[in-house]
Amino acid sequence: MATSYRNGTVPKGALKVDRPLSMNSTSKSSSFKSKNSGPAPASGIRRKSTGSVANSAASTKDATSVSGRVRVAVRLRPRNAEEMVADADFADCVELQPELKRLKLRRNNWDSDTYEFDEVLTEFSSQKRVYEVVAKPVVESVLDGYNGTIMAYGQTGTGKTYTLGRLGEEDTADRGIMVRAMEDILAEITPANDFVSVSYFQLYMESIQDLLDPVNDNISIVEDHKTGDVSVPGATAVDIRDQKSFLELLRVGETHRFAANTKLNTESSRSHAILMVHVERSVKGRDSAISSENGSTSHTAKAFKPPVVRKSKLVVVDLAGSERIDKSGSEAHTLEEAKSINLSLSALGKCINALAENSAHVPVRDSKLTRLLRDSFGGTARTSLVITIGPSPRHRGETASTIMFGQRAMKVENMLKIKEEFDYKSLSRRLEIQLDKQIAEHERQQKGFQDEIERIAQEAQIRITEAEKGYAEALERERLQYQKDYMDAISRLEEQWAENKQKHEKEKAKSSMLSASMEVAELKKKFENETLLRKAAEEEIDNLKNQVAQWKRSEAAGNSEILKLRKMLEDEACQKAKLEEEIAVLQSQLLQLSFEADETRRNLDRGGTVKLPGTLDSPIPPFMHQHLGDSGDGEKASMAKLFEQVGLSKILSLLESEDADVQIHAVKVVANLAAEEANQEKIVKAGGLNSLLTLLRSSNDETIHRVAAGAIANLAMNETNQELIMSHGGISLLSVTAAKAEDPQTLRMVAGAIANLCGNEKLQAKLRGEGGVKALLGMVRCRHPDVLAQVARGIANFAKCESRAYTQGSKTGKSLLIEDGTLPWIVQNANNEASPIRRHIELALCHLAQHEVNAKDMIKAGALWELVRISRDCSRDDIRTLAYRTLTSSPSFQAELKRQRIDYG
């Protein structure tokens, strides 16, 4: 099968050592060469070598160096369902001219910019066409001994992962570049002589993590200062012998890759995935000759001469998509991921700019991504880049940036080299075989020697047994004699004991008379002791009387001290009066600020509903939003002024006031301050979080509950604050507040706070154990759409974290949501009329259905039919695709559909 480009074909032979490599050759292309074919004699290229094989100890040769430009192809993604609706009245922002290898980027309806690429692929181009144009020439070069790189670059959601990593399990025509490249490599190598190994890792937040061994999450990069080669020795390397094992390896790697749901893509890659294929091939007819000193080749040297092998490397890079935060809606940890992705892509762009402009300094060390791709741009590898773009005019800026990246990459020149080495490993294996034979012969001789030793040992054992038998008989005779002597000695001792007993009784009668006189003397001595004790007691009584007199004098001194203390208490009362006056001033300031906050709330109520920062479609009370209109700016200035004049500690102290009105105004001020991220850390450090939780516990006022819950919801947007809230029993207090509250606004605030906590996968077990999930389910009694939207958001966040835990292997049992009885409500509201509720419920269903352990309960609850409806009727393309993939990949769902005689493929 010929591999051709629009502006000419690249011949297979152009990558051999015997001919120069031309990146823009116009000669006729050829198919993969035969496995047994060798390189032709060198014609037009001078080979660099340090000497002949016979007289050189070096095992590595500098292959021919050939200049080759980075080839760039552009691929257009077709419009998705969302763009069909949103951009229905607008034309595509790009116009392709594949026959001229041109692309026109429209500025407006009458003007456009034209760019030329090595290949232009329309939205109708097949995966096979993309592989033959972009990747196959690079794979052929790798089989010839050159290093190669295939990379995809573009905005998120434009089809990079589809182009490179598609496995084609549903349709083999959808196979991506990774699968097709390994098919061609395995078809060309000889399993007996050639070796193929694969490493698969990801660059996530500037940390290299092994996708085949997730525990290995901090791999270092090693650079050879002599050759400039870049390697990752810490990554797992797996030998590949067949296509099935390679596909299983890709599946394992994809399950460990980080992804997130954004507005542009439901499964947006959050890391750069890198597949590294090492190929080692023997070169026929290039075995070295080891000569003896007189010039003749010895028999041993001929038998054990090392063959020559070519070592090459294929690197397939699936870059994470560049994105604008205002379009992707990234927040919290997803925002940090987006920043890291954009920084690494920016570093790559700087390196390509420097190489394109022939700059003296190329900043390859600004990012681990540029260090890994050091050989791909300006190095020794043959590189093909495919840039993916979308047709939507809404993303014209990102499309223009991607096109300019490809234009600059086309100016980068690489110097291709072949790496050949002596295969001392094969020679070592042959020597090991000879050594095994010698060892086997030695073991046979050793076994004969051991048999002789065992025979002699058996004879010795027989003699020892006979000797032990005679010795035992002699011992028995001695024992009987000793027993007889022992009984005789016992008899003699008994006779002596009887004689001694009679003598002792006579002596006892004489001693009884002496003991009576001794008792009389002892009684006299005791009487004398009692007399002495009485005198000592009288002396003790005199001492106690003296102590009582001293205590009376001490009491008089204590009365004078009490008078001094009373005077001090009067001084403290004066200071308390002054403090009460200061509190009265603060109360007046709080009343003024509360009046301004109420005015702002009424203005915002007339202006409409606002959104809670950092959450998904969760409305908040108007007094917590501080960036809308002049009134919001005025309130913010008042807050800042109060913050400077009074201080946060005094404001928080008013939360403990006995006056209910003062408490209400103070908690409103704290809630408004908590709405700004800059104030949240200060509030937590000053004890504001504990004060808010105390108000929830002690107060019975509905207004205080509503405002305090809103402030806690704002603080719960931070991961550190979430752990503090859980450690202080916050989820239990929120659950109790939800059970008591009837006001929809209060329930909305409590549900929003619990929903934010549901998004932290570390706290899921504790949140569920303290009744968080049941509290969410209990709030649906309100039936208010805003409350139901927050409940649905919390369930979706909880289900998403559980799905991630299943994928990482840290969870295996049934979903906690199902165990707490939320599944019936989820199924009931899966087709809710309110769009925010329906979207969250559909996502929660898809996440729960992704894991087989939940399938039986979902079928019993009727969730299967909702999944079928979502996969067919959902307005969002990403959710519809996720539901379809879940249904087709679950054996239990497929069996149930088949049992119901429903054809769903």
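Our subject is the structure listed above.
Here goes a summary of the coordinates provided. This is a predicted model, so every value here is computed, not measured.

### A short note on the sheet that holds strand β7 (residues 102–106)
Phase 1: On the basis of which strands lie adjacent, the open sheet formed by three strands has the order β6-β7-β8 and antiparallel pairing. Strand pairing shows two members of the sheet lacking a second neighbour, β6 (94–97) and β8 (112–116), which therefore form its edges. Each adjacent strand pair in this sheet contributes to an overall mean axis angle of 20°, direction not counted.
Phase 2: Two strands pair when backbone bridges link them, and β7 and β8 are joined in this way by five bridges, in the antiparallel orientation.

### Considerations on the environment of Y204
Phase 1: By secondary structure assignment, the location of Y204 is in strand β11 (residues 195–204).
Phase 2: The class of Y204 is buried, set by a relative accessible area of 9%.
Phase 3: Apart from the residues within four sequence positions on either side, Y204 is in contact with Q209, F258, R270, S271, H333 and E337.
Phase 4: At a separation of 2.5 Å, a polar atom in the side chain of Y204 contacts the side chain of E337.

### Some points on the pairing of strand β5 (residues 71–76)
Phase 1: The element β5 is largely enclosed, with a buried count of six among its six residues.
Phase 2: Burial along β5 is two-sided: R71, A73 and R75 facing one way and V72, V74 and L76 facing the other are all buried.
Phase 3: Here β5 runs beside strand β20 (residues 382–389); their pairing, made up of six bridges, is parallel. Note that in β20 the partner of R71 across the bridge is S384.
Phase 4: When β5 meets strand β9 (residues 119–121), the two strands line up parallel, connected through three bridges. In the sheet register, A73 faces β9, and the bridge partner there is E119.

### Description of helix α8 (residues 332–356)
Phase 1: Over its 25 residues, α8 extends 36 Å from the first C-alpha to the last, a length consistent with the 36 Å expected when each residue adds 1.5 Å.
Phase 2: Positive phi appears at N358, one or two residues downstream of α8, with a value of about 55°.

### With respect to the environment of E99
Phase 1: Within the secondary structure, E99 sits in the loop between β6 and β7.
Phase 2: For the pair E99 and E119, spaced 20 residues apart in sequence, the C-alpha to C-alpha distance is 9.2 Å.

### A short note on the packing of helix α23 (residues 785–808) against helix α26 (residues 835–849)
Phase 1: At a minimum axis distance of 8 Å, the contact between α23 and α26 shows a crossing angle of 20°. In terms of their interaxial angle, α23 and α26 are classed as roughly parallel. The two elements α23 and α26 meet at a crossing, and its hand is left-handed. On α26, the residues that touch P785, L788, A789, A792, R793, I795, A796, A799, K800, E802 and S803 of α23 are P836, I837, H840, I841, A844, H847 and L848.
Phase 2: Looking at the contact of α23 with α26 residue by residue, the class counts come to 12 nonpolar, three polar and three charged.

So, how was this worked out
- Residues numbered from 1 in each chain as written.
- Predicted model: local features only at pLDDT ≥ 70, side-chain atom pairs only at ≥ 80, totals over all residues.
- Heavy atoms only, no water.
- Pairing = 2+ DSSP bridges.
- Helix = DSSP H or I, 4+ residues; strand = E, 2+ residues; numbered from the N terminus.
- Axes fitted to C-alpha atoms, helices over the stretch in contact; angles between N-to-C directions.
- Buried < 20%, exposed > 50% of the residue type's maximum accessible area, 1.4 Å probe, protein only.
- Contact = heavy atoms within 4.5 Å.
- Polar contact = N/O pair within 3.5 Å; in protein donor to acceptor, adjacent residues only side chain to side chain.
- Expected span 1.5 Å × (residues − 1).
- Parallel < 35°, antiparallel > 145°, perpendicular 65-115°, else oblique.
- Left-handed = near helix turned anticlockwise from the far one by under 90°.
- Nonpolar A, V, L, I, M, F, W, Y, C, P; charged D, E, K, R; others polar.

So yeah, pure geometry; function would need other evidence.
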